[in-house]
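Architecture and fold: a report
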Amino acid sequence: MTILVFSIILFIGALVAGLLGSLTGLGGGVVLIPLLTLVFKVDIHYAIGTSLISVIATSSGAAAAYVKEGITNIRLGMFLELATTAGAIGGAFLATYLPTAVIAILFGCILIISAALSFARPADPITIGSPSALSQKLRLNSSYPTAEGEKQYLVRNVVGGFFMMNIAGIISGLLGIGSGALKVIAMDNVMRIPFKVSTTTSNFMIGVTAAASVGIYLHRGYIDPGLSMPVMLGVLGGAFLGSRMLTKAKTASLKILFALVILLLAAEMIYNGINHTI
């Protein structure tokens, strides 16, 4: 395979990853890491480094559009980044000392849990009731545009969500996936905010989380420009396409897409990790 053919295939794969990452808030890493490790037989540490670059690109491409649409909760995202950034730095240090098979199996298990939890609450939360004192004090409650007009929502269990975000940061630095799946689940199931707000706020956050850990991978020589360039361009294109599709997409359809993609990839990663073929 020539370098040109390799780059074109990688660009197409990254385009799909960016589209899925933008629509579901996953960041694209859950598609890219299996693509690089299973299809192109890239060492998983280099795949993680490339994925972190793509996560930054996805966040940059999609976040601006979602902020403009008024869906992203910027105050909530900035608050939760305190937890994810601290976790990401610790996870990146840990990743360089774990065997690749262990990382692959852990990756798959996290994805299966993410898929199961995404269906734990099929409907968006009811906006009635008393908001928590902490969410009021931090002014985290907000609204987002729908076909029927602005819809108000309340942010619940702020402390629990903050703790989950710290774990998400560790997973991000360890696995290079932006931990979008855990971020979405934390906001969707723990903090009880609408799924579209969860995915867009996740997209807003994942770039900062990835940037906190990518420096460690760069220092250890796990960032390959030949891999990163076509991936970054493809992911950016996919992220822009996804940002235009999200506002018209149905929440139930997004959750099904979210679950199916990560279940398939989880099975592949666990299988190859157990058989030490990654």
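To start, this report covers the structure provided alongside it.

About the criteria used
- Residues numbered from 1 in each chain as written.
- Predicted model: local features only at pLDDT ≥ 70, side-chain atom pairs only at ≥ 80, totals over all residues.
- Heavy atoms only, no water.
- Helix = DSSP H or I, 4+ residues; strand = E, 2+ residues; numbered from the N terminus.
- Buried < 20%, exposed > 50% of the residue type's maximum accessible area, 1.4 Å probe, protein only.
- Contact = heavy atoms within 4.5 Å.
- Areas by Shrake-Rupley, 256 points an atom, 1.4 Å probe, with all protein chains shown as cover.
- Expected span 1.5 Å × (residues − 1).
- Bend = angle between axes of the 7 residues up to and from the residue.
- Core = buried A, V, L, I, M, F, W, Y, C linked by side-chain atoms within 4.5 Å.
- Phe/Tyr/Trp six-rings, centres within 6.5 Å; stacked < 30°, edge-to-face > 60°.

What to know about the overall build of the protein
When helices and strands are tallied, the protein shows 11 helices and two strands. Out of the 278 residues in the protein, the part that is buried amounts to 55%. When contacts within the protein are restricted to residue pairs at least 6 apart in sequence, those whose partners lie at least 24 apart make up 83%. Put simply, the protein shows about 11500 Å² of open surface, and 71% of that area lies on carbon and sulfur atoms.

Regarding helix α4 (residues 74-95)
Taking 1.5 Å of rise per residue, the 22 residues of α4 would be expected to cover 32 Å, and the 30 Å separating its terminal C-alpha atoms lies within 8% of that figure. The largest bend along α4 reaches roughly 35° and is located at E81. Among the residues of α4, L76, G77, L80, E81, A83, T84, G87, A88, G91, A92 and A95 are the ones counted as buried.

Focus on the nonpolar core
In this structure, I33, I44, I48, L52, Y217 and M269 are the most contacted members of the largest nonpolar core, which totals 26 residues. Elements that contribute at least two residues to this core include exactly α2 (29-39), α3 (44-69), α4, α5 (100-118), α9 (195-219) and α11 (251-274). Within the second largest apolar cluster, 18 residues are counted, among which are L76, L80, L140 and Y144.

Concerning the packing of aromatic side chains
Centre distance and the angle of the planes are the two values used to describe a pair of aromatic rings. Applying the stated criterion to the full structure yields four aromatic pairs. Judged by centre distance (4.8 Å) and plane angle (75°), the ring pair of F6 and F40 falls under edge-to-face. Taken together, the positions of F6 in helix α1 (residues 3-24) and F40 in the loop between α2 and α3 put the pair 34 residues apart, joining distant regions of the chain. Taking relative accessible area as the criterion, F40 reaches 15% and is therefore assigned buried.

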